[in-house]
Amino acid sequence: MKKILYLIAFVTVLAIPACEGPEGPQGPPGLDGVDGEDGEDGLEVLNLVFEGVVTFSEENDFGIGSQFEIGQGDNLLVFLEWAQAEGAPVWRQLPQNVFFDEGAILTYNYQYTTTFFNVFMQANFNLAELEPEWTDDQRIRIVLLPGFFVEENQRIDFSDFDAVMELIGKEEKDIVKIDLQ
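Residues numbered from 1 in each chain as written. Predicted model: local features only at pLDDT ≥ 70, side-chain atom pairs only at ≥ 80, totals over all residues. Heavy atoms only, no water.

Novice: Is there a simple way to explain the pattern of salt bridges in this structure?
Specialist: Two side chains with opposite charge may pair up if their charged atoms get near one another. Here the structure, examined in full by the defined rule, presents 6 salt bridges. Between R141 and E51 there is a salt bridge whose closest N-O contact spans 2.6 Å. A residue pair is termed long-range when its members are at least 10 positions apart, and R141 in strand 8 (residues 138–145) and E51 in strand 1 (residues 49–54) qualify at 90 residues. As far as burial versus exposure is concerned, R141 and E51 are alike and both buried. Between E51 and K177 there is a salt bridge whose closest N-O contact spans 3.0 Å. Here the residue E51 occupies a position in strand 1, and K177 occupies one in strand 9 (residues 176–177), the gap between them amounting to 126 residues. Look at E51 and you get buried, because its relative accessible area is 7%. Salt bridges sharing partners connect three or more residues here, namely E51, E81, R139, R141, E172 and K177. (Salt bridge = Lys/Arg side-chain N within 4 Å of Asp/Glu carboxyl O. Helix = DSSP H or I, 4+ residues; strand = E, 2+ residues; numbered from the N terminus. Buried < 20%, exposed > 50% of the residue type's maximum accessible area, 1.4 Å probe, protein only.)

This is the structure we're talking about:
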């Protein structure tokens, strides 16, 4: 009889921690997954980082554009490789201004909708007069961030490319190369 009482006491002690309390609040809705061919996972659309090389010219009206699906309320950040420091790229978030002599101003900028984005140059002078260092082989990176993600991380300096990459858990190997020509 003692063995049965010990067994009941033991089972009761094990069962009590397994009881559940009240259900917590509903979490934010997740994003629908994308299945590829044969049910394989498709391209991850959360926190994607793209890279391309652009040459701004008269032929492309000093801008490039691309079809790109961006969710309602999502955010697009565009960075331009501004320089190299100790062999590492220095990224600047667009828009960026360059001030030349005699009041000339060059601006690298971008805009986007839910289906399209473009990166372009503007100036208060003829862009065709620019040296190739300002127009040719400009390396850009595009970061897609869901709107709720930005709201939850408002204290992050989104102009710091390395901080954004760390925040979203991405590395150089995760950057998707795209053709922007």
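Novice: Teacher, can you tell me more about the packing of aromatic side chains here?
Specialist: Remark: the centre distance and the inter-plane angle together describe each pair of aromatic rings, the angle taken between the planes. If you walk through the whole model with that rule in mind, you get 7 aromatic pairs. With 5.1 Å between their ring centres and 70 degrees between their planes, F79 and F161 make a pair best called edge-to-face. Pair noted here: F79 is in strand 3 (residues 75–85) and F161 is in helix 4 (residues 161–168), with a separation of 82 residues, a long-range link. The rings of F56, W82 and Y108 are connected pair by pair, giving a single aromatic cluster. (Phe/Tyr/Trp six-rings, centres within 6.5 Å; stacked < 30°, edge-to-face > 60°.)

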